[in-house]
Amino acid sequence: MTLSKRSLISAAMAGCLGMSLATPAVWAADVTLNMAVPDWPPTRIMKKLFDEQYKAKSGNNVKLEVDFIPWPDYYTRLNASLTSGEQKYNMAVSDSQWLGAFIEGGYYRKLNDLIDADPELKATLDGMHQAPLQAYGTYPYKSDNIYGFPQMPDILITYARTDVLCHADEQAAFQAKYGTKLPCSPEELDGMDWDMFGKIGEFFQRKKGDMLAGKAADDDFYGIAYQAGKGYDFSSMQVNGFTWQHGAGIWDETGIPNAQAEGVVNSPLAVKALDHYLSLLKYMPPVVKTGSMDIFKTDELFREGKLALNIEWIGFAESAINPETSKVAGKIAFAAMPGLKKADGKIDRTSNIGGQPFVIMTWTDDAKIKEAVDFVKWWLSSDIQHQFAAAGGQSAIKSVYNDPKYTTYRPWNRTWAAGLEWQQDVWHVPQFFELLVQQQEQFDLAVTGKQDAKATLDAIAKFQQQLLEDAGLIE
Amino acid sequence: MKTTDTPSSSGNALFTPSWSNWLGALIVGVVATVISALVLPAITTLWIAGAASALVAVTAVVNAWGRYIGGLLIAPAIAVLVVMNIFPLLWSLGLSFYNYRADRQTLRFIGFRHYERLINDPVVWDRLTTTATLVVLTVLVQMIFGFLLALLFAKQFPLRRYLLILVLTPMMLSYVAVGAFFRYYYDPTFGLVSQVANLFTDEPYVLISSTGGAIAAIVIADAWMWAPFVMLLVLAGLVSVPKYLYEAAAVDRVPAWRRFQSITFPYVKGLLMLALLFRTIEAFKLFDIVFILTDGGQSTETIALYVYRQAIQFNKTSYSASLSYVLLFTVIVLTNLYLYLANRRAKEG
């Protein structure tokens, strides 16, 4: 049998057509998720893991376009983008306090329907610690309405210089002066209360040339630091911890409309707490007098070797142990944040939670929402959460952080599980930024010595009462 | 297609479809926009309004073609001015009479209530007082140092050209760079000022630990940046002084101060006044350096920083618009007062 050339071509084309019809067609669409994130290690790690490992379940080519925005400008930039109507972002890593403002503005999408429709996602959220889930996800705070998934949960912990604290000369001198041991190991530092923190602050007031850990100090050296800056929330986050530990409170948004500001925010216990916070500032580096000792400055001072102890968010720890960015890498221990020793001898470590959730914007179309949810599920999967923790992040998922491996990833992970139990959050109402800015201004006046704790809290309470009454949140 | 019709010449011409019938296009555009605003979504209305504007512009150009050349030549500049300046200005003026927030899309007319509120707000007066203090101090320092620098650079000396470039560099830098630089410069632990002071006092020097210190820090940073601008203007005046005047004065043995008073100053006075005007207006808007150096702490929050907080952080768009208009009004009044006084003195002179 002989076949003509035309017959051969026809047969080949028919064969190809038959094969293509027999095989189900898979069209891989290009999907880009645009996300605004603060620029710091936890989001950089996320992007790296995504680029290296993420494969969408849908088979689509999903790209994650991330805008890394410096922390100090992050709220302003995201707020400007959302309110301008440019609809640039499908997702964001948002601070939890912003939920109310951006939900009421119609920007953040409610997620309950997506969670209810996805048993796998629901199970993941059920397996999380309640503190970060409520802080990052719920609006009104602690309600059943979910708007966010944890991206990077965070808490305040103690960064400590072991080469200084553990030095035999310093140990002996401290013992001689205070009649007690200078905490040195992570376990000893875990037992530190604010009183001991203050003693260490007083003890390490060294001038350039003074002896420090067996040799002459090459610059002035200080014992302690915590955030006391005017910008953003760079004193409120620390003051709130003192307030709660002393048994006082901030305005309680879960008690709307009956919860009052006046009488609560400026209660005698709250004044005592603020006085306690202020009393330790005199041991800190002189920049505290300028009102600009924020979390970035304390982090810089610690990494530059000017501090024995620093209270800082875990999110900064990765750069503290990296020799490329830290002069004290290899000489650091991490421990729980100090707390207030109560009459029964127990230490109250109640603190303001840090960290951020993922949120999805209301204008994101269904196809992108599906990809966004798949991405969040991937992020919250056990394997990726372990990898994130191993690279310096944290996980809010109980099965992940309770895994014995977890504490081996990074030296600060040992503080995580216990620390989570002490976390509370600040307000989530739309007026939060006005509340925060006025409070920061007043705290700044106290930090820089312009007014006392009572006058400060009276001014804050009066302002909050008026603002919240005008907004209908206090009756 | 007709190109030279004048639609206003008769009543019928108004409704004649023609590329030169700009009045007809305007009426159609306005009607279409109003109808779409009533029945269509806002975004569609926006596009219809844009298309109507483009149609009116095209018909106006066709109508003017060959007849109003001058008008056509300046039309692009006028259009840019209207779109980029005048329209937003009027829009924000309108907004100041409403209760509008950028994060909510509700609009409620409240008349002059924002203006009433801000006039009675002690915080606004406090911020205006701070601004006025900074304006007076920073402009004064800039004028003095700018003038002295100009006197220095008016003379010839070795490496003058290179030093001049160095001195002019600060005003070419961004505010953020200058702010960040001075923030480190003043830092009590890492900063140069403190390190030098430490050599003599054995204590770190904390400049921004009081209101006076913080104001000094801002004034120094701003003057460092803008004194060269004053210098540049004054220098232009100094080099224009005819040399023979100085020669004649030398022959007459006129003392140096009298030479300055009678010859130098009259030549640079006009430019000095111009520098004063420019710098005063700019100083009223002082924001960047204050934002970076103190974030308004130590009682240094200027009115511009206060407006920023209201507009960008609190999303109080209408209130911040009314604040901006008060600021604009203040600057206009001061500028006109200044020009009036300057003109009167010039006439007297």
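To be clear, the structure that these remarks concern was listed above.
Here goes a summary of the coordinates provided.

The next point concerns the overall build of chain B. Per the secondary structure count, chain B includes 14 helices and zero strands. In summary, chain B has a C-alpha radius of gyration of 28 Å against a globular reference of 20 Å for 349 residues, an excess of more than 25%. Along the longest, intermediate and shortest principal axes, the C-alpha atoms of chain B span 85 × 55 × 40 Å. Here chain B holds 349 residues, and 38% of them are scored as buried. In the structure as shown, chain B presents an accessible area of about 20200 Å², 72% of it carried by carbon and sulfur atoms.

It is worth spelling out the interface of chain A and chain B at this point. Taken together, the contacts link 34 residues of chain A with 35 residues of chain B. Linking chain A with chain B are four salt bridges, by the criterion used here. A salt bridge links A:Lys297 to B:Asp187; the nearest nitrogen and oxygen atoms lie 2.4 Å apart. Applying the counting criterion to the chain A and chain B interface returns twelve residue pairs in polar contact (both at pLDDT 80 or more). If you list the elements that add at least two residues to the side of chain A that touches chain B, you get helix H3 (71-84), helix H4 (99-104), helix H14 (295-303) and helix H21 (432-447) of chain A. By residue number, the principal contributor to the side of chain A that touches chain B is H21(A), which donates five residues.

Residues and elements named next belong to chain A. Following both chains from N to C, one finds helix H2 (residues 41-53) and helix H16 (residues 366-379) inclined at 105 degrees, their axes separated by 12 Å at the closest point. One finds that H2 runs roughly perpendicular with respect to H16. For the pair H2 and H16, the contacting residues are Met46, Leu49, Phe50 and Gln53 in the first and Phe375, Trp378 and Trp379 in the second. Of the residues in the contact of H2 with H16, the class split is six nonpolar, one polar and no charged.

This next bit is on H16(A). All names here are of chain A. Over its 14 residues, H16 extends 20 Å from the first C-alpha to the last, a length consistent with the 20 Å expected when each residue adds 1.5 Å. Burial within H16 is extensive, with ten of its 14 residues counted as buried. Residues of H16 that are buried: Ile369, Glu371, Ala372, Val373, Asp374, Phe375, Val376, Lys377, Trp378 and Trp379.

Residues A:Tyr108 and A:Phe375 are the most contacted members of the largest nonpolar core, which totals 158 residues. It is H21(A) that provides the largest number of residues to this core, a total of eight residues. Counting residues domain by domain, this core receives three or more from each of domain 1 (30-154 + 355-424) and domain 2 (156-226 + 280-352) of chain A. Apart from the residues within four sequence positions on either side, A:Tyr108 is in contact with A:Leu78, A:Leu82, A:Ser94, A:Trp98, A:Leu99, A:Phe102, A:Ile103, A:Tyr147, A:Val359, A:Ile360, A:Met361 and A:Thr362. Core analysis: the second largest hydrophobic core is formed by 52 residues, B:Leu118, B:Ile208, B:Phe229 and B:Leu327 among them.

A few words on the environment of B:Pro158. Assignment of secondary structure puts B:Pro158 in the loop between helix H5 (122-153) and helix H6 (160-172). The spacing of B:Pro158 and B:Val307 is 149 residues in sequence and 47 Å in space, taken between C-alpha atoms.

Next up on the list: the sheet that holds strand S12 (residues 309-313) of chain A. Residue and element names in this part refer to chain A. If you walk across this open sheet you meet the three strands as S12-S5-S13, and the pairing is antiparallel. The strands lining the two open edges of the sheet, one partner per strand, are S12 and strand S13 (332-336). Across the sheet, the mean angle separating the axes of adjacent strands is 35 degrees when strand polarity is ignored. Sheet topology places strand S5 (residues 156-161) next to S12; five bridges connect them, and they run antiparallel. When the sheet's bridge partners are listed, tyrosine 159 is paired in S12 with asparagine 310. Set on the sheet, H14 makes contact with S5, S12 and S13; between it and S12 the angle comes to about 135 degrees.

With that settled, consider empty space enclosed by the protein. Regions of empty space are outlined by a rolling probe, equal in size to a water molecule, passed over the atoms. Residues and elements named next belong to chain A. For the coordinates displayed, the defined rule picks out five cavities of 30 Å³ or more. Put simply, the largest cavity is a space of about 180 Å³. In terms of lining, the largest cavity is formed by 19 residues, of which the most central are Trp71, Asp95, Asp233, Trp313 and Gln356. Among the secondary structure elements, those contributing two or more residues to the lining of the largest cavity are H14 and strand S17 (354-360). It is S17 that contributes the most residues to the lining of the largest cavity, three residues altogether. Inspection of the lining of the largest cavity shows a minimum of three residues originating in each of domain 1 (30-154 + 355-424) and domain 2 (156-226 + 280-352). In this structure, the second largest cavity encloses a volume near 80 Å³. Together, Val239, Asn240, Thr243, Gly249, Ile250, Val265, Ala270, Gln439, Phe443, Leu457 and Ile460 line the second largest cavity. Sorting the residues of the lining of the second largest cavity by element identifies helix H12 (236-245), H21 and helix H22 (453-470) as the ones contributing at least two each. Considering every element that reaches the lining of the second largest cavity, the biggest residue donor is H12, with three residues. Of the residues assigned to the lining of the second largest cavity, the class counts are seven nonpolar, four polar and no charged.

Reading the values: the criteria
Residues numbered from 1 in each chain as written. Chains lettered and ligands numbered in written order. Predicted model: local features only at pLDDT ≥ 70, side-chain atom pairs only at ≥ 80, totals over all residues. Heavy atoms only, no water. Helix = DSSP H or I, 4+ residues; strand = E, 2+ residues; numbered from the N terminus. Rg over C-alpha atoms; globule rule 2.2 N^0.38 Å. Buried < 20%, exposed > 50% of the residue type's maximum accessible area, 1.4 Å probe, protein only. Areas by Shrake-Rupley, 256 points an atom, 1.4 Å probe, with all protein chains shown as cover. Contact = heavy atoms within 4.5 Å. Salt bridge = Lys/Arg side-chain N within 4 Å of Asp/Glu carboxyl O. Polar contact = N/O pair within 3.5 Å; in protein donor to acceptor, adjacent residues only side chain to side chain. Axes fitted to C-alpha atoms, helices over the stretch in contact; angles between N-to-C directions. Parallel < 35°, antiparallel > 145°, perpendicular 65-115°, else oblique. Nonpolar A, V, L, I, M, F, W, Y, C, P; charged D, E, K, R; others polar. Expected span 1.5 Å × (residues − 1). Core = buried A, V, L, I, M, F, W, Y, C linked by side-chain atoms within 4.5 Å. Domains from an automatic or database assignment. Pairing = 2+ DSSP bridges. 1 Å grid on protein atoms, 1.4 Å probe; cavity = no way out; pocket = protein on both sides within 12 Å on 5 of 7 lines; lining within 4 Å. Points joined across faces, edges and corners; volume = space filled by probe spheres on them.

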